[in-house]
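An overview of the molecular structure
Spelled out, the chains give:
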Amino acid sequence: MAQTASDLHRLGSALLGAGLLGLAVSAGATEPQYRRVQLVDGRELLAEVESTEAQGLRMKVPQGSTLVSFELLRDMVPISYAEYVEQPDWIVYYNVPDDLEDEVVDLLRGIGGIAPQHYRMMANGVNGAVISDVEACSRAVDCVAAAVSGLDRWMWVLTIDSNPAGLVMQAKVSKSGATGHVGKVQLEDTDRQTVWDALQEVLMVTSDKSAPRPDASAQPRPVARTPFTAKRVNDLSFVPVPGITSLAQGDLVGFGAGGGMVGLGAGVWFALVGQAEQSPAGLAAVGGIGYCAMTVWANRVVGHRSLERRGGRGVTVTALPTEGGGAQLTVSSRR
C-alpha cells in the first residue's frame, strides 16, 4: 500500500532524530553537540543537543530549553560553538494592550536572546504596508502571522487580546502557514509571574531564570507618524521652509534641491523687481510674495518627487529610540 506524504514525513523525521542520537552518542556524552536545525514551521534554531526523548529532541538555546518534536524536523547540520553564541536574537513581533506593553517587553528581554518589536516599528522588513495590514487584523494571531509571513526572516508573532473568559495570550511562527501551531494561554491574572510563565509556554521555551524585577530604565515606545500622502505634501507646501516636504519624508536630497530651487529663483526675482520697484518697503513686500510663491511651488515639486520615489502610495515616518538614548528617523512606504 502506498504511503501518504504525511507518513513519509514522519518516517523521515524519525530517521533524522535517530541520526542525531547516533551522532551524540558517538561523540561522547561530555562533548557538546551544536546543530543548525530547520523546522517545518519555518524556524531555524542554532542549538546545543541536550538529550533525545520519546517526544523529540531536548535542545538548549540562548532563550532556555526547548523540546523539538521529531515531526517538526526538516534538516539539521553541525555548527561550531562560535556560530551558536553569535546567533541573532529571536524577533518577537507583538501587538498587546498598551497597559501591558511595558511589562511584556521587560519580561521578553528578561528571558534573553529575544528582540521585542512593536507591530508599528519599522525594522526587519516591516514597512508601512505591513503595518496597515497588521492593524486590520485586530490582534488575530493567524491574521498577523499571515501579514508578516512574506518577510525574509522568521519571527514569533505575539498577541494579547480579550475573549469571553478574559485575556488570552497567543503566539505563532510567522512562516508556519495557515495550519501552523498556535501557542495559547488564558491569562487568569496579569501579574508578572503569570505573564512570565505564559510567555515561555507560548514561545515553547523554558527559561532557567526567574521573572525579572520591573525595569526602570526601559526605553520609550516608538512614536509613529501619520503616513504621507499627496494631500499632506500639498498642505505642508505652505510652510515657508524650502524643501520641508522632502525633509519630512527623510529625503535629504530633495530637501537640498528645494533649497537650491528657491535660492536661485528668489535671486532672479529680487533682481527683476528691483528694477521696477524703487522703495525699500515695496521691494520687500513684492520680494516676499515672490519668495513665498516659489517656496510653495518648490515644496510641491520636490515633495511629490520624494513621494513618487517611495512608490507614490504613502510614506510612513517613524521615530525610533536608539541604544544611546537618542532617536533615529525611519521611513517606509507602501508598495
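Counting of residues starts from 1 at the beginning of each chain's written sequence and follows it residue by residue. Where totals are concerned, whole chains, interfaces and linings use all residues; where local detail is concerned, this predicted model gives features only for residues with pLDDT of at least 70, and gives and counts side-chain atom pairs only at 80 or more. With hydrogens and water excluded, all non-hydrogen atoms of the structure serve as input to the side-chain values.

**Brief notes about the overall build of the protein chain**
- Only DSSP runs of H or I reaching four residues or more are called helices, and only runs of E reaching two or more are called strands; each is numbered from the N terminus. Scanning the protein chain for helices and strands turns up ten helices and 13 strands.
- Three labels apply to residues, based on accessible area from a 1.4 Å probe with only protein chains included: buried if under 20% of the type maximum, exposed if over 50%, partly exposed otherwise in between. Looking at the 335 residues of the protein chain, the share that counts as buried comes to 41%.
- Looking at the protein chain alone, contacts between residues at least 24 apart form 56% of all its contacts between residues at least 6 apart. Two residues qualify as a contact provided that any one of their heavy atoms is within 4.5 Å of a heavy atom in the partner residue.

**Concerning the environment of G254**
- Structurally, G254 can be placed in helix α9 (residues 252–276).
- Exposure remark for G254: the relative accessible area of 5% places this residue in the buried category.

**What about the packing of aromatic side chains?**
- Ring pairs shown here join Phe, Tyr and Trp side chains whose ring centres sit within 6.5 Å, with only the six-membered ring taken for Trp; geometry is labelled stacked below 30 degrees between planes, edge-to-face above 60, and tilted in between. Tallied over the entire structure, the rule returns four aromatic pairs.
- Seen from their ring centres, Y81 and Y84 are 6.5 Å apart, and the 35° between their planes marks the pair as tilted. Highlighted residues: Y81 and Y84, both in helix α2 (residues 81–85), separated by three residues, approximately one helical turn.
- Taking relative accessible area as the criterion, Y84 reaches 8% and is therefore assigned buried.

**Topic: the pattern of salt bridges**
- A side-chain nitrogen of Lys or Arg and a carboxyl oxygen of Asp or Glu constitute a salt bridge if their distance falls within 4 Å. Tallied over the full model, the rule gives seven salt bridges.
- The residue E44 makes a salt bridge to R36 at a minimum N-O spacing of 3.2 Å.
- Relative accessible area serves as the criterion here: at 31%, E44 is assigned to the partly exposed category.

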